[in-house]
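What follows is each chain in one-letter form.
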Amino acid sequence: MISKFIEVCNQNKTKPSIIHNNKIYSYQTLLDDIKKMMTLFKSKGLKEHDKVVLFIPLSYKFYMVLLASMMYKLNIVVIDSFKDQEKLDQMIKQSKPKMVLVTPLSKLFSKRFKNIELLNVKDYQSYTPSDVDLNYSLNDIILTTFTSGTTRMPKMIERSYNDLSNQIKVISQNVKFRNDCINLCMLPIYVLFSLFSGITVVIDKKVSQTLIDKYKIDTIQAPLKKLLTVKSSISNIKNIYIGGAILYRKEAKHLKTIFPAATFTYVYGASEGVLIGQTTLNEYLKDIFSFSIIEGVNVSIDSPNEEGVGEIIIQGDFVLTKEHTHYTGDIGKVENNKIYVYGRKKYSCLEKNFYNYITDNKLLEENNCENIFTFSYNNVIYVAYSGSIKDQLKDYCYLKFKKIPVDIKHQTKADYNKIIKSKQL
């Protein structure tokens, strides 16, 4: 994987690799900067397998340092959000890093990393490039990330060279980009996939018509929240790839009005498994909550009820557990080579045939409210909502919020733990 990436850089020397903050970085520049960063690591005493936190905003430097860490054989820890102090403390405690990599800007906020040495990466340009040692052990851990922790504390996910290579292989087999596309990407694993494929990536925090016109962007990969908050219609995007959270019918219809000319690929996956299923938005609207199962993924249902609904289990070489088996925590069913995702196991009730995503969708369609999330807790079905509801059914217990707590990572998922704590249920 590493040698192929170096080959891609050498074949596309003058081609833009990353565009960020109005700066265009060629593949040659990217590779040179990676090698300089490796020399900086060496000068600071970092050794193979040392664990370091990447505390840098999504940017050219973020991906350059990430790639340099992989080539240098560090175990790089990527934390998606730093706003929740309790969760951050837990993630740091789990990962036990030796050092935190910062920029001058992120260093201002690094006080949260108590008693951990900081390395400011800003001076890498003054170092001479290092040679890349391609003698890798495929089982060495190179990337540590965390689940979002919407139902519990974030769980640590470790990827070896072999794991990452397998996950990128799964993406390449199922998600097809043109080599000449200009890709606005806000999902790190897809940025890596694009760079390994020699594709030009634009890094930005939001989707805007100005940015799209300036760089002739025709492809977007972004979290749902980033797309749903776009204010006006954008008609010159050809392909959009979305995932990371369940999509309700109301939201799916809205996306089609914002990007009327785009073909949407909507993927269902997990931190431990990347891709499980995929569909188009048109197909999804016809058959809500359904995804075609990705080739090579074994999907089964644990302890299904009379409707065939139970916890979704995935198996395969790309699954990031020792047994290559993962219980997703989602409930659904498998039918005609499709996976139907109906809710979260912890907050649904299989005995009552209550599935929280299905109920969310039903209430959203019946009411003109801002947001609704339903969940089962202590044998009571709760409806957390903001805005107004027409008819409150007696079977449910309604919880009104000015703003419903959502998980910081995805912004479109409820943080059920915070809802329960805030209402002292």
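Above: the structure in question.
Residues numbered from 1 in each chain as written. Predicted model: local features only at pLDDT ≥ 70, side-chain atom pairs only at ≥ 80, totals over all residues. Heavy atoms only, no water.

Student: Describe the pairing of strand 16 (residues 298–302), naming the residues involved and giving the relevant values.
Tutor: The side chains of a regular strand alternate between both faces of the sheet. Going residue by residue along strand 16, you find Val299 and Ile301 tucked away on one face and Asn298, Ser300 and Asp302 left uncovered on the opposite face. Inspection of the sheet shows strand 16 paired to strand 17 (residues 310–315) by five bridges, in the antiparallel sense. Opposite Val299, over in strand 17, you have Ile314 as the bridge partner. (Buried < 20%, exposed > 50% of the residue type's maximum accessible area, 1.4 Å probe, protein only. Helix = DSSP H or I, 4+ residues; strand = E, 2+ residues; numbered from the N terminus. Pairing = 2+ DSSP bridges.)

Student: Any details on the environment of Ile381? Residues and values, ideally.
Tutor: Along the polypeptide, Ile381 turns up in strand 21 (residues 380–386). For the pair Ile381 and Glu295, spaced 86 residues apart in sequence, the C-alpha separation works out to 37 Å.

Student: Could you give an account of empty space enclosed by the protein, naming the residues involved and the relevant values?
Tutor: Summed over the entire model, instances satisfying the criterion amount to two cavities of 30 Å³ or more. Taken as a whole, the second largest cavity spans an internal volume of roughly 30 Å³. Here the lining of the second largest cavity is built from residues that sort into six nonpolar, one polar and no charged. (1 Å grid on protein atoms, 1.4 Å probe; cavity = no way out; pocket = protein on both sides within 12 Å on 5 of 7 lines; lining within 4 Å. Points joined across faces, edges and corners; volume = space filled by probe spheres on them. Nonpolar A, V, L, I, M, F, W, Y, C, P; charged D, E, K, R; others polar.)

Student: Could you give an account of the packing of helix 6 (residues 161–174) against helix 7 (residues 188–196), with specific residues and numbers?
Tutor: Axis separation between helix 6 and helix 7 bottoms out at 10 Å; the angle between their running directions is 80°. On the basis of their axis angle, the class for helix 6 and helix 7 is roughly perpendicular. Residues Leu164, Gln167, Ile168, Ile171 and Ser172 of helix 6 pack against Ile189, Tyr190, Phe193 and Phe196 of helix 7. In terms of residue class, the contact of helix 6 with helix 7 is built from seven nonpolar, two polar and no charged. (Axes fitted to C-alpha atoms, helices over the stretch in contact; angles between N-to-C directions. Parallel < 35°, antiparallel > 145°, perpendicular 65-115°, else oblique. Contact = heavy atoms within 4.5 Å.)

Student: Could you give an account of the side chain of Asn305, naming the residues involved and the relevant values?
Tutor: Here Asn305 is to be found in the loop between strand 16 and strand 17. According to the relative accessible area criterion, Asn305 is buried, its value standing at 15%. Within the local environment of Asn305, its side chain forms a polar contact with the backbone oxygen of Leu350, the two atoms lying 3.3 Å apart. With residues up to four places along the chain from it excluded, the contact list for Asn305 reads Leu350, Asn353 and Tyr355. (Polar contact = N/O pair within 3.5 Å; in protein donor to acceptor, adjacent residues only side chain to side chain.)

Student: Describe in detail the side chain of His326, supporting the description with residues and values.
Tutor: With respect to the secondary-structure elements, His326 resides in strand 18 (residues 325–335). Overall, His326 belongs to the buried group, its relative accessible area being 6%. Once residues lying within four places of it in the same chain are set aside, the contact partners of His326 are Lys155, Ala270, Glu272, Ile312, Ile313, Ile314, Val319 and Thr321.

Student: Just give me the short version of the nonpolar core, but keep the residues and values in it.
Tutor: Grouped together as the largest cluster of nonpolar side chains are 142 residues, with contacts concentrated most on Ile220 and Phe259. Looking at this core element by element, the count peaks at eleven residues for helix 3 (residues 60–72). If we ignore the near neighbours within four places in the chain, the residues touching Phe259 are Val207, Ile220, Leu227, Val230, Ile234, Ile237, Ile240 and Phe264. Residues Leu88, Val100, Val102 and Phe146 belong to the second largest nonpolar core, which totals twelve residues. (Core = buried A, V, L, I, M, F, W, Y, C linked by side-chain atoms within 4.5 Å.)

Student: Give me the lowdown on the environment of Lys122, citing residues and values where you can.
Tutor: Structurally, the position occupied by Lys122 is in the loop between strand 6 (117–120) and strand 7 (141–146). With relative accessibility at 42%, the residue Lys122 sits in the partly exposed group. A polar contact is formed between the side chain of Lys122 and the side chain of Asp123, at a distance of 2.9 Å.

Student: Please set out helix 1 (residues 2–11) residue by residue, giving values where relevant.
Tutor: Residues spaced three or four apart along an α-helix point in a common direction, a consequence of the helix completing one turn every 3.6 residues. Of all the residues in helix 1, the buried ones are Ile2, Phe5, Ile6, Val8 and Cys9. All buried residues of helix 1 fall inside an arc of 155° around its axis, so they share one side. Away from the buried face of helix 1 by more than 90 degrees, exposed residues Lys4 and Gln11 are located. Buried residues along helix 1 sit in contact with helix 2 (27–43), helix 3 and helix 7. (Arc of directions from axis to C-beta.)

Student: An account of unusual backbone geometry is requested, with residue identities and associated values reported.
Tutor: Backbone geometry places Asn21, a non-glycine residue, at a positive phi of 50°. Examined against the element boundaries, Asn21 turns out to sit in the loop between strand 1 (16–20) and strand 2 (23–26).

Student: I'd love a proper account of the packing of aromatic side chains, names of residues and values included.
Tutor: The tally for this structure, following the rule as stated, stands at 23 aromatic pairs. When the ring of Phe55 is compared with that of Phe113, the centres are 5.0 Å apart and the planes differ by 65°; the resulting orientation is edge-to-face. Of this pair, Phe55 sits in the loop between strand 3 (51–54) and helix 3 while Phe113 sits in the loop between helix 5 (104–107) and strand 6, and the two are 58 residues apart along the sequence. As far as the burial class goes, Phe55 and Phe113 line up, both buried. An aromatic cluster is built from Tyr248, Tyr266, Tyr268, Tyr284, Phe289 and Phe291, whose rings are joined through pairwise contacts. The ring centre of Tyr340 lies 5.6 Å from the NZ or CZ of Lys333, which sits over that ring. (Phe/Tyr/Trp six-rings, centres within 6.5 Å; stacked < 30°, edge-to-face > 60°. Lys NZ or Arg CZ within 6 Å of the ring centre and 35° of its normal.)

Student: Which residues make up the sheet that holds strand 22 (residues 397–400), and what values go with them?
Tutor: Taken in spatial order, the three strands make up an open sheet running 20-21-22, and their pairing is mixed. Edge positions in the sheet fall to strand 20 (371–377) and strand 22, since each has one partner strand and no second. Across the sheet, the mean angle separating the axes of adjacent strands is 25° when strand polarity is ignored. Pairing of strand 20 with strand 21 involves seven bridges; the strand directions are antiparallel. If you follow Tyr377 over to strand 21, its bridge partner there is Val380. In the packing of helix 12 (residues 356–366) onto the sheet, the strands contacted are strand 20 and strand 21, and the crossing angle to strand 20 comes to about 145°.

Student: Would you mind going over a nonpolar patch on the surface in detail, with residue names and values included?
Tutor: Together, Leu105, Leu108 and Phe109 line one region of the surface with nonpolar side chains, adding up to about 360 Å² of accessible area. For Leu105, the location among the structural elements is in helix 5. Judged by relative accessible area, which is 53%, Leu105 ranks as exposed. (Patch = residues over 30% accessible without salt bridge, like charges linked within 9 Å, V, L, I, M, F, W, Y side chains within 5 Å. Areas by Shrake-Rupley, 256 points an atom, 1.4 Å probe, with all protein chains shown as cover. Salt bridge = Lys/Arg side-chain N within 4 Å of Asp/Glu carboxyl O.)

Student: Would you mind going over the sheet that holds strand 8 (residues 156–160) in detail, with residue names and values included?
Tutor: The sheet built from six strands is open, its strands ordered 6-5-3-4-7-8 with mixed pairing. A single partner strand is all that each edge strand has here, and the edge strands are strand 6 and strand 8. If you compare each strand with its neighbour and ignore which way they point, the axes differ by 25° on average. Its contacts with the sheet put helix 3 on strand 3, strand 4 (75–77), strand 5 (99–102) and strand 7, and the angle it makes with strand 3 is roughly 170°.

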